[in-house]
Every structure is written in structure tokens, then in C-alpha cells.
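# Close look at the chain arrangement
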Amino acid sequence: MEHFAEGQAVRGTNAEYPAHPVFFTKGVNTVNGPYDPIPYDPEVSTAIDWEVELAVIIGTAGRNIKEADAMGHVFGYSVINDTTARDMQIKLHGGQWFKGKSLDGYGPIGPWIVPASDLDPGDLHLITRVNGVVKQDASTKQMYFKVARIIAELSRGLTLVPGDIIATGTPPGIGNARKPPEFLKPGDVMETEIVGLGTLRNVIQAVPA
């Protein structure tokens, strides 16, 4: 909920909380390893931002899944950082989110999948650190749309299949909402942690000229 508010502040709008979750897709080549570098190409983007998120991995296929039954379709959970090219997301391509959130290597995930039976997704501690400095520190308790609601709405008329990954949204503390804005640069180390799930460690690496 707090991330929604900080986004409204950046955009200069004052909208009410949405009645339904917003969905967008990510390209498959955005997936990156838990300890692999994230490419930095200034000709593509110079406003790379961080977003720690809980990743939900679907284990049982379904369509029109009822919210009461949704958790039975979850295989497990992982850590993902929805690393975002803010300049591309906000200023280019009509303001839609797909391209700015789908650049190659901009979706580190891992370091493993924890089975659904082993934890409660409703009470997890999320942390993002950049060069050791905490940037995001929150709990999944703050999620406006819980995991079951997200699955139920996403599956309306759309079949979810085993292996589908749902990134569930980020807490406050993103770089774009800071004053002044902060963005990742070559040499920065981004650590993305969900306590009990593991920690990603990705270095921002300049691509060869």
C-alpha cells in the first residue's frame, strides 16, 4: 500500500486504491541468476531501479480459480527483484510497463524455491540493500492484494500452468520515489532478501562499448 502511495506522489496524482490488481507481463530473457551481473548500457537506460518482490511459482494448472482454492495451486516461493528501467517505463512506449520491466537480465530470481508447505507468505520480511545500505524494509503483511486474490483474478479466463511465476509487487523505498531520485550504476551491488527464502546478490555491470 505504501508503494502505491509513493508512486502517486511521483506522478502527482491522488487516486484511490485500485479495486483490482494491475497485471503486466515480463519477457522470458529478463530472468537472471541469483548471483549473476545485471547489464548496464547507458544507451538503453540510465535510470535502473530496484524492487524486491515475493515470487509465487504455480504448481497446479487452473483457470477461473476461486480465491478459497488458490493456495492449493502454489508449488512454492522464491525471491525476485523486478529491476526496472524507469526512464523507459515512464517516458517511452506510451508509458506502458512491459519494455521497461523486461530488459535482458533485469529479473534476478532465486536462489532456490521453498515449498509452499514450508512457510506463510502472509508474514515475510523483505529487504533490499544497495552497497550495504538498506533501501527497502517491509513485510508481506503490507500487501494490499494477497497471494490468493492475485491468483484468483489472474486466472479469470486465463489458464495458469505449472512453472508460471507471479511477482507480487514491491514495498516502498524504490529509488525513483526518493528525493532526489536514486538509481543503480555500474559497480553497485544490489542485495535482495526475503528472510527465510534467501538472498540475491547482483552486481550492476557495464556492458562493453
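Reference entry: report on the structure contained in this document. None of these values were measured; they are calculated from a predicted model. (Residues numbered from 1 in each chain as written. Predicted model: local features only at pLDDT ≥ 70, side-chain atom pairs only at ≥ 80, totals over all residues. Heavy atoms only, no water.)

## Some words on the sheet that holds strand 4 (residues 52-58)
Whenever strands of a sheet pair, they do so through backbone hydrogen bonds, lying parallel or antiparallel. Here is the rule we go by: Note on pairing: two strands pair once DSSP finds at least 2 bridges between them. Secondary structure elements are defined from DSSP: runs of H or I of at least 4 residues count as helices, runs of E of at least 2 residues count as strands, and each element is numbered from the N terminus. Note on contacts: a residue pair is in contact if any heavy atoms of the two residues lie within 4.5 Å. Orientation is described by axes fitted as lines to C-alpha atoms, over the contacting stretch for helices, and by angles from 0 to 180 degrees between their N-to-C directions.
Read across the sheet, five strands follow the order 1-7-5-4-10 without closing on themselves; strand pairing throughout is mixed. Of all strands in the sheet, those bounded by a partner on one side alone are strand 1 (31-32) and strand 10 (165-167). In the sheet, strand 5 (residues 74-81) pairs with strand 7 (residues 107-115) via four bridges, with the strands oriented antiparallel. Along strand 7, the bridge assignment pairs Gly76 with Pro115. Set on the sheet, helix 3 (residues 147-154) makes contact with strand 4, strand 5 and strand 10; between it and strand 4 the angle comes to about 55°.

## Details of the nonpolar core
Note the threshold: Nonpolar cores were defined as sets of buried Ala, Val, Leu, Ile, Met, Phe, Trp, Tyr and Cys residues, with membership established by side-chain atoms within 4.5 Å. Per-residue accessibility, obtained with a 1.4 Å probe over protein chains only, is compared with the maximum for each type, and a residue is labelled buried under 20%, exposed over 50%, and partly exposed between these values.
Counting residues in hydrophobic clusters, the biggest one holds 25 residues, and the most contacted among them are Leu54, Val56, Tyr77, Ile151, Ile166, Ile194 and Leu197. Per element, the largest residue contribution to this core is five residues, and it comes from helix 3. By size, the runner-up hydrophobic cluster in this structure holds 12 residues, among which are Tyr40, Ala85, Tyr106 and Val130.

## Looking at unusual backbone geometry
Cis geometry marks the peptide bond from Gly110 to Pro111; its omega dihedral reads -10°. Tracing the sequence through the fold places Pro111 in strand 7. Here the bond from Lys179 into Pro180 is cis, since omega is -5°, no more than 30 degrees from zero. Structurally, Pro180 is set in the loop between strand 10 and strand 11 (189-194). The backbone of His93 shows a phi angle near 60°, a positive value even though the residue is not glycine. Here His93 shows up in the loop between helix 2 (86-91) and strand 7. In this structure, Asn131 is a non-glycine residue whose phi angle is positive, near 55°. Looking at the element boundaries, Asn131 is found in the loop between strand 8 (125-130) and strand 9 (133-139).

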